[in-house]
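Read off the chains here:
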Amino acid sequence: MIEEKQVYVAYCDQCGCSLMYDDVEMCYDTEEDIKREMSCSDWEWVGDKVYCPECLEEYFEYDEDNDTYVRKEERK
């Protein structure tokens, strides 16, 4: 039997990569499941966008005072 199924996949809004393990794109049944996995995998929401750990490191700095990430060019 073949059935259509809706799944959730996280894509980085900066580079477009997806949340992967061992070169396999991860799909989740619910939005809550993927959000939980994103937090365990160091992916972050910044505003209304999602960023992978590599882009967070390259483009953002963590602002401890506000408990959020700020784009590096905005801090200059």
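First things first, this report covers the structure right here in the doc. (Residues numbered from 1 in each chain as written. Predicted model: local features only at pLDDT ≥ 70, side-chain atom pairs only at ≥ 80, totals over all residues. Heavy atoms only, no water.)

Notes on the environment of Cys17
Move 1: Checked against the element boundaries, Cys17 lands in the segment before strand 1 (20-21).
Move 2: Cys17 gets classed as partly exposed once you look at its relative accessible area, which sits at 28%.
Move 3: Note: C-alpha distance between Cys17 and Lys35 (18 residues apart in sequence) is 16 Å.
Move 4: If near-sequence neighbours (up to four positions away) are discounted, Cys17 is found in contact with Ala10, Tyr11, Cys12, Trp43 and Cys52. (Helix = DSSP H or I, 4+ residues; strand = E, 2+ residues; numbered from the N terminus. Buried < 20%, exposed > 50% of the residue type's maximum accessible area, 1.4 Å probe, protein only. Contact = heavy atoms within 4.5 Å.)

Some words on the pairing of strand 5 (residues 60-63)
Move 1: Here four bridges tie strand 5 to strand 6 (residues 68-71), and the two strands are oriented antiparallel to one another. Residue pairing in the sheet places Tyr62 in a bridge with Tyr69 of strand 6.
Move 2: Taking the residues that link successive antiparallel strands as the turn, the strand 5-strand 6 hairpin has four residues, and the phi of Asp67 there is positive, at about 50°. (Pairing = 2+ DSSP bridges.)

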